[in-house]
Amino acid sequence: MATLDTPRPAAAPLFAGLTFRTWGLLALVLLFVAAAVLPFSLTNFRLSQVTLVIIYSIALLGLNILTGFNGQISLGHGAFFAIGGYTTAILLTKVTGIPYWATVPIAGVISAGVGFLVGWPALRLEGLYLALATFALAVATPQILKYKAWDDWTGGVQGINLDKPGAPFGLPLNRDQWLFYFCFAWAVVAFVIGWNLLRGRTGRAMVAVRDHPIAAATMGVNTARYKTLTFGVSAMLTGVAGSLAALWTEFVSPDSFDVFLSIRFLIGIVIGGVGSIPGVVFGAFFIVIVPNWASDLSNWVQTLALPGFLSRILVLLSSPQVLFGMALIICVALLPGGFGGIIRWLLRVIERDAATPTRPPS
Amino acid sequence: MPACFAMPGTELLHQVLSGIANGGIYASVALALVMIYQATHHVNFAQGEMAMFSTYIALLLINLGLPYWVAFFLTLVFAFVFGLGIERLVVRWFNASPVLSVVAVFIGLLLIINGAAGAEFDYTIKPFPSPFPSNAWYGSPFMSSHEVGMISVTLIVLAAVFVFFRFTPLGLAMRAAAQNPASSRLVGVRVGWMLALGWGLAGLIGAVAGMMAAHVVYLEPNMMSGILLYGFAAALIGGIDNPWGAALGGPIVGVLENLAGACIGTELKLSVALVTIIGVLTVRPSGLFGRTLVTRV
């Protein structure tokens, strides 16, 4: 599992004479420039895929704060994603006068409240048992959403249709382009919140509770408070992502929040790196891109005209679920730090090279 | 809501009996889960998918023209080898890993088996035959023959498991390996293979549950997700480290499910399992018969 990074001396040069801080700022500037030009250099389909990656990164950030930094395993974050999505859909279609952008924070607040409440019974469940209970939640979620009693609000099995918002102030952007900027802005907010939360006193307490709850309690950390707080924050971020996803798909329905959604989130944080903030972006990219690649792969396999048995095995191996499953197991076995682990390792190598003066070859 | 208070006695009896019959399936799944939990303290999230895949093999064999019971026992052989193979090839490498890694591996297995079944056998719902006659049991208004058959099969499985662990040297060695691996190794028990045998047996018991369940819920790649949830609930009610608890937890959960279905409607059946799981875990984590775990700090 990941541990807290040791603080770097701010002034020590990392690479090419520039400090870690400068490199970080450069990367940020690059990221913002890329985000500004991206909507005009991609096709609408590609752009909407990138938007989906951004949305999933927010959800994965939420899950990773809970599972990676606080050690509470959740296999049921699809439920909070659903709460966010349904909040936005219901507010936009059943309540008049609420603009779409205001539904996102409302969805976040409601999800945070539910997450905080779920966090209380979760206090009594450790490790495996919490995984079990949240797995049960994930399996039951579609059925709860379909229930007759709130049919009028949720639309039952049919779900709710809504419209993708258009750009405000007469900006010359199409809906996909505007949604990209909208989601990107929310992602910036989410990551700033997450980063600020984790780098200070709260983050240290969360990690302490994960690594050794008894020692943390002895040092005066209120473990119950931090665990429920983490659950609330985590649910809030995932709920915000769910709300954005509802705008993205223009539709919510019970069956899109099945157990495999929650499982995809787990895959995202394991591949991205448990306890790694930049890793979640890679994890999100992975869970968005694999299904696309899988169908390409299986189409390609079918064009090869291999002998029947071999072709059948290859088609089977290229089904997205099988690919996901294999990636998960291989990642746990060979790359426990996920993508975030690779980043950390690279940084360490660069730092070590910067610290040791170059020696002449002997 | 009034349906459950004003339920006539015969209707109540019917609900209870059919709950006990479904409980047989849940008890088998719970038993399979307990078997793996006892040995390694892992909860096998892929248990349901293993059973589902074995049931597809059974259908394949039946469609080849084999009689039901021949297909049944051949499927049990397959399920045993399947479970054993999964332990030897994948799970054994993660026995000492942190909880999250183990959960991730099991979820990975779940995805692989589910996806493979979907790709190979497609996602359409298929009927699955029952070996028992289709008429009501001796004209009884309360139970169908399949329900009586399910209960009998469960009891036979339980008895077989009991006899195996109580009266055979291999069963003794397996119990020893689960209870105290280090000492067992010293007296020559091959602990790794005992764990693998446990997985094989769990796969086999799960396959029985799958073949019994498939007649009721129909065969499709996701057919076990709800049943697995009830299996979890049954195992937890009984105490997840106690096989007798699992056997009793099954019928309890089955009856609970049916009564709740009559009261609040069948659409929320899975939530009954969810509430049971969370309720047991928060109020009495060791279940009715489980041992309370004491950890040394």
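Now for a description of the structure that goes with this document. (Residues numbered from 1 in each chain as written. Chains lettered and ligands numbered in written order. Predicted model: local features only at pLDDT ≥ 70, side-chain atom pairs only at ≥ 80, totals over all residues.)

**Overview of the overall build of chain B**
- Assigned secondary structure in chain B consists of 12 helices and zero strands.
- Listed N to C, the secondary structure of chain B is α-α-α-α-α-α-α-α-α-α-α-α in terms of helices and strands.
- The C-alpha radius of gyration of chain B comes to 19 Å, within 12% of the 19 Å expected for a compact globule of 297 residues.
- With 297 residues in all, chain B has 51% of them scored as buried.
- Look at the contacts in chain B between residues 6 or more apart in sequence, and 75% of them connect residues 24 or more apart. (Helix = DSSP H or I, 4+ residues; strand = E, 2+ residues; numbered from the N terminus. Rg over C-alpha atoms; globule rule 2.2 N^0.38 Å. Buried ≥ 20, exposed ≤ 12 C-beta atoms within 10 Å, placed from the backbone. Contact = placed C-beta atoms within 7 Å.)

**Some details on the overall build of chain A**
- When its secondary structure is counted, chain A shows 15 helices and four strands.
- Taking 2.2 N^0.38 as the reference for a compact globule, 362 residues should give roughly 21 Å; the C-alpha atoms of chain A span a radius of gyration of 22 Å, in line with that estimate.
- For chain A, the spread of C-alpha atoms along the principal axes amounts to about 75 × 60 × 55 Å.
- For chain A, the proportion of its 362 residues judged to be buried stands at 45%.
- Contacts spanning at least 24 positions in sequence make up 77% of the contacts within chain A whose residues lie at least 6 apart.

**Points about the interface of chain A and chain B**
- Contact with chain A, which involves 42 residues of that partner, is made by 37 residues of chain B.
- Put simply, the parts of the chain that give the side of chain A that touches chain B at least two residues each are helix H5 (127–146), helix H11 (259–272), helix H13 (308–317) and helix H14 (320–334) of chain A.
- Top contributing element to the side of chain A that touches chain B by residue count: H5 of chain A, with 14 residues.
- Its residues assigned to classes, the side of chain A that touches chain B shows 33 nonpolar, six polar and three charged. (Nonpolar A, V, L, I, M, F, W, Y, C, P; charged D, E, K, R; others polar.)

**Brief notes about the packing of helix H7 (residues 175–199) of chain A against helix H10 (residues 223–249) of chain A**
Residue and element names in this part refer to chain A.
- Orientation of H7 relative to H10, taken along the N-to-C sense of each, is 175°, at an axis distance of 11 Å. Judged by the inter-axis angle, H7 sits roughly antiparallel to H10. Along its contact with H7, which presents Leu179, Cys183, Trp186, Ala190, Gly194 and Leu197, the element H10 presents Val233, Leu237, Val240, Leu244, Leu247 and Trp248.
- Residues that form the contact of H7 with H10 fall into these classes: 11 nonpolar, one polar and no charged. (Axes fitted to C-alpha atoms, helices over the stretch in contact; angles between N-to-C directions. Parallel < 35°, antiparallel > 145°, perpendicular 65-115°, else oblique.)

**Some points on helix H5 (residues 99–121) of chain B**
- Helix length check: H5 of chain B (23 residues) gives 32 Å between terminal C-alpha atoms against 33 Å at 1.5 Å per residue, within 8%.
- Directly after H5 of chain B, the chain includes aspartate 122 of chain B, whose backbone phi takes a positive value near 55°. (Expected span 1.5 Å × (residues − 1).)

**Structural notes on the environment of proline 243 of chain B**
- You can see proline 243 of chain B is positioned in helix H11 (residues 243–264).
- For proline 243 of chain B, a count of 22 C-beta atoms within 10 Å puts it in the buried group.

**Remarks on the nonpolar core**
- Core analysis: the largest hydrophobic core is formed by 208 residues, its most contacted members being Ile55 and Ala136 of chain A together with Ile277 of chain B.
- Excluding residues that lie within four positions of it along the chain, isoleucine 55 of chain A makes contacts with Cys183, Ala241, Leu244, Ala245 and Trp248 of chain A. (Core = buried A, V, L, I, M, F, W, Y, C linked by C-beta atoms within 7 Å.)

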